[in-house]
Amino acid sequence: MRLTRAIAAVAAAVVTAFMTAAAVPAQEVMRMAVTTSFANSGLAEILLPQIEKDTGITVQLLIVGTGQALKLGEQGDVDAVLVHAREAEDRFVAAGHGTHRREIMYNDFVVIGPAADPAGVRGAGTAIEAFADIARARADFVSRGDDSGTNKKERALWAAAGIEPAGDWYKAVGQGMGAALNTAAGLDAYILSDRASWLNFGNKRDLELLFEGDPALFNQYAYIPVNPAKGPHVKAAAAEKLEAWLTSERARQLIDGYRLDGQQLFHFNAKAPAQP
């Protein structure tokens, strides 16, 4: 499956990067916590080798949900995070765990479901209406249930619809995007996914993209360097250097140029840090 190959490629890239770092003493290694949706997209395997070539930094990825990524940052276990849950990011920075928040790129969330569409989601006018239709029909819905950025967005949509999802139809799996999509495919269920993970997912079976385009489904990714006050092990200089690359023209070319089946998966919208 494309998704499995993408995750394997990211892991292989990290292993290769470590081997390169061992062979070249001057190479610097930094740790960045990223979301499973970013890893599933396949973009990392495009960016990591170029980052290493241009900056001399080997970026080791810790692939988790946004909630866990921010916890790793709070504990000082990583040097930076790349996540997609604005309110949680703002709280993280306000609490002093990160130095600042830098927007890098965006895509969107989409509602996936069975081709037969028993809840009538295709006819919904908004994402909130789509979720209300699913609840009204008590149609099977798979939730990541892992405090990820995708899970946070899903919960926000239920709340906006005035619904507390519960019952046999609502299945929280506590897994990453790829595993949750696999579960939805096996159950012929609805699910909220980021577009990149859906396009890169190979085991679609009878699932289709049923609803898209609502501004409420906007999905912004942001980079946050961890506060070096967490300890001398935090590589603030490397994190700053990586941020400069992620906001560069080269990053824009690679991010905007990354496509799957002819579709652009991410849109670069970073602004370079102000020069002192």
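Here, the structure is the one placed above.
Residues numbered from 1 in each chain as written. Predicted model: local features only at pLDDT ≥ 70, side-chain atom pairs only at ≥ 80, totals over all residues. Heavy atoms only, no water.

**Concerning helix α8 (residues 177-187)**
Rules: Buried, partly exposed and exposed residues are distinguished by accessible area as a fraction of the type maximum, computed with a 1.4 Å probe on protein chains only: under 20%, between the cut-offs, and over 50%, respectively. Put simply, DSSP marks the helices as runs of H or I at least four residues long and the strands as runs of E at least two long, and each gets a number from the N terminus on. This arc is built from the directions going out from the helix axis to the C-beta atoms.
Among all positions in α8, only Met177, Gly178, Ala180, Leu181, Ala184 and Ala185 are buried. The buried side chains of α8 occupy one side of the element, clustering within an arc of 165° when seen end-on. Two residues or fewer past α8, Asp188 is found with a positive phi of approximately 55°.

**Quick notes on the packing of aromatic side chains**
To keep things clear, this is the line we draw: Only centres within 6.5 Å qualify two rings of Phe, Tyr or Trp (six-membered ring in Trp) as a pair; their planes then separate them into stacked at under 30 degrees, edge-to-face at over 60, and tilted for everything else. In our convention, an over-ring charge means Lys NZ or Arg CZ found within 6 Å of a ring centre and within 35 degrees of that ring's normal.
Evaluated as defined, the whole model comprises ten aromatic pairs. Summarising the aromatic geometry, the rings of Phe141 and Trp158 are spaced 5.3 Å apart at their centres and angled 75° between planes, so their arrangement reads as edge-to-face. Pair noted here: Phe141 is in strand β5 (residues 141-143) and Trp158 is in helix α7 (residues 149-160), with a separation of 17 residues, a long-range link. Trp158 matches Phe141 in its accessibility class, with the two residues each being buried. Clustering of aromatic rings is evident, with ring pairs tying together Phe131, Phe141, Trp158, Trp169 and Tyr170. Between Lys204 and the ring centre of Trp198, over which it is positioned, the NZ or CZ distance is 4.7 Å.

**Some remarks on the layout of surface pockets**
Under the convention used in this document: Cavities and pockets were defined on a 1 Å grid built over protein atoms only: a cavity is a set of grid points that admits a 1.4 Å probe from which the probe cannot escape, a pocket is an open set flanked by protein on both sides within 12 Å along at least five of seven lines, and lining residues are those with an atom within 4 Å of any such point. Grid points are joined across faces, edges and corners, and a volume is the space filled by probe spheres set on the points. Throughout, the ten residues Ala, Val, Leu, Ile, Met, Phe, Trp, Tyr, Cys and Pro are labelled nonpolar, Asp, Glu, Lys and Arg are labelled charged, and all others, Gly among them, are labelled polar.
Of the voids in this model, the largest pocket is the one considered here, and its volume is about 460 Å³. When the residues that make up the lining of the largest pocket are grouped by side-chain class, the tally is seven nonpolar, four polar and nine charged.

**What about the pattern of salt bridges?**
Worth spelling out the cut-off: Within this document, salt bridges are pairs made up of a side-chain nitrogen of Lys or Arg and a carboxyl oxygen of Asp or Glu, the two lying within 4 Å of each other.
Within the structure shown, the criterion is met by 15 salt bridges. Residue Asp90 pairs with Arg86 through a salt bridge whose shortest N-O separation is 3.0 Å. Of this pair, Asp90 and Arg86 both sit in helix α5 (residues 86-94), separated by four residues, roughly a single helical turn. Take Arg86: its relative accessible area is 46%, and that puts it in the partly exposed class. Arg195 is the salt-bridge partner of Asp108, the closest N and O atoms lying 2.7 Å from each other. Note that Asp108 is positioned in strand β4 (residues 102-114) and Arg195 in helix α9 (residues 195-199), a separation of 87 residues in sequence. The two residues Asp108 and Arg195 agree in class, both being buried.

**Remarks on the side chain of Ser143**
Threshold: Contacts are assigned to residue pairs with any non-hydrogen atoms lying within 4.5 Å of each other.
By the secondary structure assignment, Ser143 is in strand β5. When sequence neighbours within four positions are dropped, the list of residues in contact with Ser143 reads Asn151, Glu154, Tyr170, Lys171, Ala172, Val173 and Gly174.

**Topic: α5**
When we look at burial in α5, the residues that qualify are Ala88, Glu89 and Phe92. Buried residues of α5 fall within an arc of 100° about the axis and therefore sit on the same side. Residues of α5 that are exposed and angled more than 90 degrees away from the buried face: Glu87, Arg91 and Ala94. Directly after α5, the chain includes Gly96, whose backbone phi takes a positive value near 85°.

**Some words on the environment of Ala39**
Considering the arrangement of structural elements, one finds Ala39 in helix α2 (residues 36-41). Residues Ala39 and Gly178, 139 residues apart in the sequence, show an inter-C-alpha distance of 9.8 Å.

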